[in-house]
Amino acid sequence: MTSNIQHQTSNIRHLFAPERNTPKSLLSFEWIALGYLLFTLMLMGLCWDTLPNGISMLWGRAIFLAATLAMWGAYRLLPCRFLLFARIAVQMGFLSWWYPDTYELNRVLPNLDHLFATAEQTLFGCQPSWEFSRLVPWGWFSELMCLGYVSYFPLMLIVYVYYFFRRYDEFLLSAFVILGSFFAYYVVFVLLPVTGPQFYYLAAGTDNIAQGIFPNLGDWFLTHSERMAAPGWTDGFFYHLLDLTHDAGERPTAAFPSSHVGITTIVMLLALRTRSRSLVLTILPFYLLMCLSTVYIYAHYAIDALAGFLSGTLLYYTLLRSYRR
C-alpha cells in the first residue's frame, strides 16, 4: 500500500518536474492556429458587411488569442509535462468553437450542395445517405451507428493520452498532426459551402430528393439552419447522445470532405504507428463504425466519406513529413 502511494506521488512529481531545453517560442501547432486566425480575419474584413455575427466572432478570436498566450506564458514560467499537456488540450478544446465558426463565414457564399448531390446520384445511381437507413432500419444497428459517430472526440482523447504517457517523445508530433489536420479541413470548409444531407435534403424537400431533383438553394443557409432528425431508434441511448451533440454544435457547414472520417483515419494511423496491438484493436471497431455512421445519420454524402478517407491519409503523411523537417 505504501509503495503504491509512493509510486503515485512520484508520477505526480514527474508531471510537474521542470524540463530542460524546452522551446521558448510558440509551438508549431500554435503557429498554425494563429495562421488560421489571421486567414479568417482577412476573410471577415472582405465580407464584414454581410457577416451576421461579426462582433461576437472578433471577441471569440480575442479570447482564443488570450488563452493561447496565457498558456505559452505559464509554460515559460514552469516548463513541465503537465503544462504541455494542458497547452495542447486548450487548443483542442477550441476546436469545438472553430468548427461552428466556419458556418459564420461560409454562409455568405452560395450553397453548393446541389452539385454534390448530383455527383452522388451520378456515381451511385441513388442517394446512399437516403437509402442506407431504409435498407438497415433495425434499432440495434441504429445504436451502433450513433455510438460510432459520438466516439469522435473520445477516440482522439485516447490516442492523445496514450502518446502522452507511453510515447512522450512523439507527443508533440501527434498533436501537430491532429491539430494541423483540423485547421486544414477548416480552411476547406470556409471556402466550400456544402452542408450535407441532413440540412440540404430538408431545405430542398424530401420529395425532390426521392425523385432525383436537386435544386440550387443559393443563399438559403445564410438565414436557415434547420436540420433533419437522424434516422433510427429515437428512444436509444446513443441516439439521444447524438442529438445532444448536434444541438450543441452542429451547423450547416463542413460536409465535404468528411472531417469525421478524415480525422479518425489520422487517429487510426497514429494508433498503428505505436505498434500497440491493444490500442489498435480498441480503436478499430469505432473507426469502422464512424466511417459508416456519417452516411447513415445523414451527416454526409458517400463521396464526403470517401474524400475524408483519402484526405485524412494524405494529411497524415504530409504533416508527418513536415514535422520531421
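Parameters at a glance
Residues numbered from 1 in each chain as written. Predicted model: local features only at pLDDT ≥ 70, side-chain atom pairs only at ≥ 80, totals over all residues. Heavy atoms only, no water. Helix = DSSP H or I, 4+ residues; strand = E, 2+ residues; numbered from the N terminus. Rg over C-alpha atoms; globule rule 2.2 N^0.38 Å. Buried < 20%, exposed > 50% of the residue type's maximum accessible area, 1.4 Å probe, protein only. Contact = heavy atoms within 4.5 Å. Areas by Shrake-Rupley, 256 points an atom, 1.4 Å probe, with all protein chains shown as cover. Lys, Arg positive; Asp, Glu negative; His and termini not counted. Charge placed at Lys NZ, Arg CZ, Asp CG, Glu CD. Expected span 1.5 Å × (residues − 1). Bend = angle between axes of the 7 residues up to and from the residue. Arc of directions from axis to C-beta. Axes fitted to C-alpha atoms, helices over the stretch in contact; angles between N-to-C directions. Parallel < 35°, antiparallel > 145°, perpendicular 65-115°, else oblique. Left-handed = near helix turned anticlockwise from the far one by under 90°. Nonpolar A, V, L, I, M, F, W, Y, C, P; charged D, E, K, R; others polar. Core = buried A, V, L, I, M, F, W, Y, C linked by side-chain atoms within 4.5 Å.

Participant: Could you give me a rundown of the overall build of the chain, with the residues and numbers involved?
Facilitator: The helix and strand inventory of the chain stands at 15 helices and 0 strands. Relative to a compact globule of 325 residues, whose C-alpha radius of gyration would be 20 Å, the chain shows 21 Å and is just as compact. Each principal axis of the C-alpha atoms in the chain carries an extent, and together these give about 70 × 50 × 35 Å. The buried share of the chain, reckoned over its 325 residues, is 50%. Of the contacts formed within the chain by residues at least 6 apart in sequence, a portion of 84% connects residues at least 24 apart. Of the accessible surface of the chain, which amounts to about 15,600 Å², a share of 66% is contributed by carbon and sulfur atoms. Here the chain carries 19 positive and 19 negative side-chain charges, and the mean point of each set is 21 Å from the other.

Participant: So what's going on with helix α4 (residues 81-106)? Which residues, and what values?
Facilitator: Between the first and last C-alpha of α4 there are 38 Å, a value that for 26 residues agrees with the 38 Å anticipated at 1.5 Å per step. The axis of α4 is deflected most strongly, by about 30°, at Ser96, and proline Pro100 appears within four residues downstream.

Participant: Could you give an account of helix α5 (residues 113-124), with specific residues and numbers?
Facilitator: With 12 residues, α5 extends 16 Å between its outermost C-alpha atoms, agreeing within 8% with the 16 Å of an ideal straight helix rising 1.5 Å per residue. When we look at burial in α5, the residues that qualify are Asp113, His114, Phe116, Ala117 and Glu120. The arc that holds every buried residue of α5, seen down its axis, measures 165°, which confines them to one face. Among the exposed residues of α5, those oriented more than 90 degrees off its buried face are Thr122 and Leu123. Looking at the buried residues of α5, the elements they touch are α6 (128-135), α10 (197-204) and α15 (302-324). Positive backbone phi, approximately 75°, marks Gly125, located one or two places after α5.

Participant: Describe the packing of helix α13 (residues 259-274) against helix α14 (residues 277-296), with residues and values.
Facilitator: One can describe the packing of α13 onto α14 by two numbers: an axis separation of 10 Å at closest approach and a directional angle of 165°. If you check the angle between α13 and α14, you find them roughly antiparallel. Judged by the sense of rotation from one axis to the other, the crossing of α13 with α14 is left-handed. Taken together, the residues of α14 that come into contact with α13 (itself represented by His260, Val261, Thr264, Thr265, Val267, Met268, Ala271, Leu272 and Thr274) are Leu279, Val280, Ile283, Leu284, Tyr287, Met290, Cys291 and Thr294. Per-class residue counts for the contact of α13 with α14 are 12 nonpolar, 5 polar and no charged.

Participant: Can you explain unusual backbone geometry? Please cite residues and give values.
Facilitator: Cis geometry marks the peptide bond from Phe256 to Pro257, where omega comes out at -10°. Turning to its location among the elements, Pro257 is positioned in the loop between α12 (237-249) and α13. Its identity as a non-glycine residue notwithstanding, Asn21 has a phi of 55°, on the positive side. Within the secondary structure layout, Asn21 lies in the loop between α1 (2-16) and α2 (28-46). Positive phi, normally seen in glycine, also occurs at Arg275, with a value near 60°. With respect to the helices, strands and loops of the structure, Arg275 is situated in the loop between α13 and α14. What makes Arg275 exposed here is its relative accessible area of 75%.

Participant: Tell me about the environment of Ala89, residues and numbers included.
Facilitator: Among the structural elements, Ala89 can be located in helix α4. Residues Ala89 and Ala175, spaced 86 residues apart in sequence, show a C-alpha to C-alpha distance of 9.3 Å.

Participant: Mind laying out the nonpolar core, listing which residues take part and the relevant values?
Facilitator: Among the nonpolar cores identified, the biggest contains 80 residues, and Ile88 and Tyr186 are the most heavily contacted of them. Among the elements that line this core, the one with the most residues is helix α9 (residues 171-191), at 13 residues. Not counting residues within four places of it along the chain, the set of residues in contact with Ile88 comprises Phe29, Tyr160, Phe171, Leu172, Ala175 and Leu179. Judged by nonpolar contacts, the second largest core, of 17 residues, contains Phe214, Met228, Ala255 and Tyr301.

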